[in-house]
Amino acid sequence: MNVILVFLAAFVFSMGVYWICLGGFSRLLVGLLLISQAINVMLFALAKPVSAIPPLIKSLPDGQTVVASSATDPLPQALILTAIVIGMGLIAVVVYLLAQLPNKTRTDWEEPHL
Amino acid sequence: MSTLWVIIPLLVLFFSAGLSLLFTGLITRWIARLAPLGALVAILVLLLKLENSGQPYLWTPLGAWSPQFGIVLVFDRISFLFLVATLIVATMTLWFSPRFLPEPKKGLPFEPLALFLLTGITGAFLTGDLFNLYVWFEVFVISSFGLFFLSQNPTSHSLALKYVIMNVIGTMLFLTAAGLIYGQTGTLNFARLSELINQEEFTNNPSIHAVLFLLTVSLLIKGSVFPFIFWLPKAYASLPTPIVTLFAACLTKVGVYVLYRMTLTFFPLGWPEGLKEILFVLAALTMVLGVLAAASQWEQKKILSFHIISQVGYMIFACAIGTEWALTAGLLFTMHNILAKSNLFLIAGVMEERFGTDDLRKQGGLMQSSRFLSFCLLIPTFSMAGLPPFFGFFAKMSVIFASLKEQMWVMTLLCLLTAFFTLYSMAKIWLESAMKAGPAQRSSKSEEFDFRKVALKTEKAAIGTLAFLSLVLGLAYAPLWNWTEQAVKTGFQLEHTKLMTGSKQP
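Heads up: these notes are all about the structure in this document.

Thresholds applied
- Residues numbered from 1 in each chain as written.
- Chains lettered and ligands numbered in written order.
- Predicted model: local features only at pLDDT ≥ 70, side-chain atom pairs only at ≥ 80, totals over all residues.
- Heavy atoms only, no water.
- Helix = DSSP H or I, 4+ residues; strand = E, 2+ residues; numbered from the N terminus.
- Rg over C-alpha atoms; globule rule 2.2 N^0.38 Å.
- Buried < 20%, exposed > 50% of the residue type's maximum accessible area, 1.4 Å probe, protein only.
- Contact = heavy atoms within 4.5 Å.
- Axes fitted to C-alpha atoms, helices over the stretch in contact; angles between N-to-C directions.
- Parallel < 35°, antiparallel > 145°, perpendicular 65-115°, else oblique.
- Left-handed = near helix turned anticlockwise from the far one by under 90°.
- Nonpolar A, V, L, I, M, F, W, Y, C, P; charged D, E, K, R; others polar.
- Buried area = accessible area lost by both parts, 1.4 Å probe.
- Salt bridge = Lys/Arg side-chain N within 4 Å of Asp/Glu carboxyl O.
- Expected span 1.5 Å × (residues − 1).
- 1 Å grid on protein atoms, 1.4 Å probe; cavity = no way out; pocket = protein on both sides within 12 Å on 5 of 7 lines; lining within 4 Å.
- Points joined across faces, edges and corners; volume = space filled by probe spheres on them.
- Patch = residues over 30% accessible without salt bridge, like charges linked within 9 Å, V, L, I, M, F, W, Y side chains within 5 Å.
- Areas by Shrake-Rupley, 256 points an atom, 1.4 Å probe, with all protein chains shown as cover.
- Phe/Tyr/Trp six-rings, centres within 6.5 Å; stacked < 30°, edge-to-face > 60°.
- Pairing = 2+ DSSP bridges.

As for the overall build of chain B
In terms of helices and strands, chain B carries 22 helices and two strands. Computed over the C-alpha atoms, the radius of gyration of chain B is 22 Å, within 12% of the 23 Å expected from 2.2 N^0.38 for a compact globule of 506 residues. C-alpha extents for chain B along the principal axes are approximately 75 × 55 × 45 Å. Within chain B, the fraction of its 506 residues that count as buried is 65%. Across chain B, contacts joining residues at least 24 apart in sequence account for 81% of those joining residues at least 6 apart.

Spelled out as structure tokens, the structure:
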């Protein structure tokens, strides 16, 4: 299952690169969104989430607490959470900036003369 | 030594950034003027504490988490060097007169954005955690987007968009690399990573090298090294003076800083074969292309922007050599470059305002009209050109010695060639704007330019301070060199000790 996740991430990533290569700003945005999703999936796959025990702390009767040694690593999920928030924010800013541009530059990759 | 003090400069900048959003006009301006000064004082206090403690670094575990799980902030001499240079330039830029800024139509004004930018950069210099570094990258990148779009010039907007896209892709690659490194090593802490990566299990593992290469590429994008340079010169040259000064001092240097940090942490024995050669080639191309493009320009800001690129090439080159000598030289070269380059941009701004053009051919007569400004122009231009006894001469000489020591003749030759063309460009700026007769004298129609009316007191103070610092640091090069070399040595040794990694806390 984890292998499938990895391939999914790779597939989505390459789709993102393809969309960026198509040119034009709206396609570029789609590409960036896809890549940032692919990275999130990759981070998720790092924790080997499938077929592992949830990282929950159990209290034993004698008052001690234990975590199963084969538990999933919880840290990547914190990373994904951060990455999702920041990635969304970043894309939102890019969309805002694109909306600020005059129509011509938005569709045109031509370099302006200075 | 564990201490809470490391977080103080960050807090100062962050809270004053937030505070400056609440007000407008003069209050915001004064907050923005005082905040980097406050952070500078905090940094100097930290340095005193560091030198008194006798430890190689100070660190703060955020939230008192063990470094295995939590984020640590680390302050050592290398982060001090970068922080102090950046904050000095930021202070001078914010004290610099605001008349160069466009009128804010809507959205955020300059000051809060600049403070958030500084918060992000300070965070990037202080953090000891790879993922946290990504977060700080985002903080300053998003603020820099805002700054890029402050100017109302539509051409500069579409140029800025290229910067935005390059940086978004760069940060995404950085995040991918950070994630993959975590997947392979199970940690994000720099100190722990250096311990792990230098173990045998990883030194011969090609996959970790592939990931480190990905990390390097993302940093090369940040540092605008060839082939990621093409957006930079035009975009920078179209910006208002205070913004471009901030960018010249800060933006590309963060990428360079992380590359130095990587060399110290991951590759104490030098960059791995293959990667090293690639970096040499990229550094050479960056140096030569940047300087040749600069030599063909006549607009002052464009010359300076192209020189940013060529000098990043020097920094990357010194970093790729990876010996103690080379890293020390590279660090000092970066210091020199931050101070001198931003000063040149400030002076270029004042002259552009006065002459109404950035074109050197139409400028002139600075020497007659303002001795002070031309003296202040002399120091950074000659320092950049690499003439003794200025800071730039010693720094550049050390980089060239570093490459001679490793017997890299071709690279040495390219460095010298770049230095020659740099001399040419800088001589052009100096001769055209200061030595040449002014346009008024040549046409003998209008009255003489009077720079005393043009350059305000705050502007003169900012320019003079930066020039003074370049001069003093050049004269005090030997002690500075010893101090920095000590820092690099301890930086290397540090990676073999088991400080700051989980259970064995100092």
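Looking at the packing of helix α3 (residues 75–100) of chain A against helix α5 (residues 130–148) of chain B
Running from amino to carboxyl end, α3(A) crosses α5(B) at an angle of 15 degrees, the nearest separation of the two axes being 11 Å. By the criterion of interaxial angle, the relationship of α3(A) to α5(B) is roughly parallel. Where α3(A) crosses over α5(B), the two elements pack in a sense that is left-handed. Seen from α3(A), the contacting residues are Leu79(A), Thr82(A), Ala83(A), Ile86(A), Gly87(A), Leu90(A), Val93(A) and Leu97(A); seen from α5(B), they are Phe131(B), Tyr134(B), Val135(B), Glu138(B), Ile142(B) and Phe145(B). Here the residues of the contact of α3(A) with α5(B) are counted per class, giving 11 nonpolar, two polar and one charged.

Notes on the interface of chain B and chain A
Counting residues at the interface gives 31 residues for chain B and 32 residues for chain A. Contact between chain B and chain A buries roughly 2,900 Å² in total, counting both sides, with carbon and sulfur atoms accounting for 83%. Together, Leu161(B), Met172(B) and Tyr182(B) form the three largest contributors to the area buried by chain B at its contact with chain A, with a combined 20%. At the surface where chain B touches chain A, the tally comes to zero salt bridges. Put simply, the parts of the chain that give the side of chain B that touches chain A at least two residues each are α5 and α6 (154–185) of chain B. In terms of residues, the side of chain B that touches chain A owes the most to one element, α6(B), which gives 18 residues.

Details of unusual backbone geometry
All names here are of chain B. Look at the link from Phe 226 to Pro 227: it is a cis peptide, with omega at 0 degrees. Relative to the elements of secondary structure, Pro 227 occurs in the loop between α9 (206–223) and α10 (232–237). The omega angle of the peptide bond from Pro 388 to Pro 389 is 5 degrees, so this bond is cis rather than trans. Tracing the sequence through the fold places Pro 389 in the loop between α16 (371–385) and α17 (391–405).

Points about helix α1 (residues 8–22) of chain B
The end-to-end C-alpha separation of α1(B) is 21 Å, in line with the 21 Å expected for 15 residues at 1.5 Å each. Buried residues along α1(B) sit in contact with α2 (26–53), β2 (72–76), α3 (77–95), α4 (110–126) and α5 of chain B.

Regarding empty space enclosed by the protein
By the definition in use, this model includes five cavities of 30 Å³ or more. Estimated volume of the second largest cavity: approximately 80 Å³. Around the second largest cavity sit Ser36(A), Ile39(A), Asn40(A), Ala83(A), Gly87(A), Leu90(A), Tyr134(B), Glu138(B), Thr171(B), Met172(B) and Leu175(B), which together line it. Of the residues belonging to the lining of the second largest cavity, the class tally is six nonpolar, four polar and one charged.

Section: the packing of helix α14 (residues 324–355) of chain B against α17(B)
Residues and elements named next belong to chain B. At a minimum axis distance of 8 Å, the contact between α14 and α17 shows a crossing angle of 155 degrees. By the angle between their axes, α14 is roughly antiparallel relative to α17. Between α14 and α17 lies a crossing whose hand is left-handed. From α14, Trp 325, Ala 326, Ala 329, Gly 330, Leu 332, Phe 333, Met 335 and His 336 reach across to α17, where they touch Phe 391, Gly 392, Ala 395, Lys 396, Ser 398, Val 399, Phe 401, Ala 402 and Lys 405.

Here's the deal with a nonpolar patch on the surface
Residues and elements named next belong to chain A. Together, Phe 11, Met 15, Tyr 18, Trp 19, Leu 22 and Val 30 line one region of the surface with nonpolar side chains, adding up to about 550 Å² of accessible area. Per-element tally for the nonpolar patch: the top contributor is helix α1 (residues 2–22), with five residues. Among the residues examined, Leu 22 registers a relative accessible area of 41% and is labelled partly exposed.

Points about the side chain of Asn40(A)
Among the structural elements, Asn40(A) can be located in helix α2 (residues 25–46). Excluding residues within four positions of it along the chain, Asn40(A) makes contact with Ile80(A), Ala83(A) and Ile84(A).

Topic: the pattern of salt bridges
All names here are of chain B. Counted under the stated rule, the structure contains four salt bridges over all chains. For Glu 51, the salt bridge goes to Arg 77, with nearest N and O atoms at 3.1 Å. Of this pair, Glu 51 sits in helix α2 while Arg 77 sits in helix α3, and the two are 26 residues apart along the sequence. A relative accessible area of 17% places Arg 77 in the buried class. In this structure, Lys 301 engages Glu 352 in a salt bridge whose closest nitrogen and oxygen atoms are separated by 3.1 Å. Of this pair, Lys 301 sits in helix α13 (residues 300–321) while Glu 352 sits in helix α14, placing them 51 residues apart in sequence. You can call Lys 301 buried: its relative accessible area is 3%. Given the relative accessible area of 26%, Glu 352 is considered partly exposed.

Looking at the side chain of Ser425(B)
One can find Ser425(B) in helix α18 (residues 409–435). In this view, Ser425(B) contacts Ala294(B), Ala295(B), Ile303(B) and His307(B); residues no more than four positions away in its chain are not counted.

Notes on the environment of His209(B)
Residue and element names in this part refer to chain B. Topologically, His 209 is positioned in helix α9. Among the residues examined, His 209 registers a relative accessible area of 28% and is labelled partly exposed. For the pair formed by His 209 and Ile 197, sequence separation is 12 residues and the distance between their alpha carbons is 9.5 Å.

As for the packing of aromatic side chains
Residue and element names in this part refer to chain B. If you walk through the whole model with that rule in mind, you get 31 aromatic pairs over all chains. Judged by centre distance (5.0 Å) and plane angle (70 degrees), the rings of Phe 82 and Tyr 257 are edge-to-face. Taken together, the residues span a long stretch of sequence, with Phe 82 in helix α3 and Tyr 257 in helix α11 (residues 241–266) at a distance of 175 residues. You'll find Phe 82 and Tyr 257 in the same group, each marked buried. Seen in terms of ring centroids, Phe 190 and Phe 266 are 6.4 Å apart; in terms of plane orientation they differ by 70 degrees. Their pairing is edge-to-face. In this pair, Phe 190 sits in helix α7 (residues 190–197) while Phe 266 sits in helix α11, placing the two residues 76 residues apart along the sequence.

Observations concerning the pairing of β2(B)
All names here are of chain B. Within β2, five of the five residues are buried, which leaves it mostly tucked inside the rest of the structure. On β2, burial covers both faces: Val 72, Val 74 and Asp 76 on one face and Leu 73 and Phe 75 on the other are all buried. Relative to β2, strand β1 (residues 57–61) runs antiparallel, the two being bridged by five bridges. Residue pairing across strands places Thr 60 opposite Leu 73, the latter belonging to β2.

The values reported here are purely geometric and, on their own, carry no functional implication.
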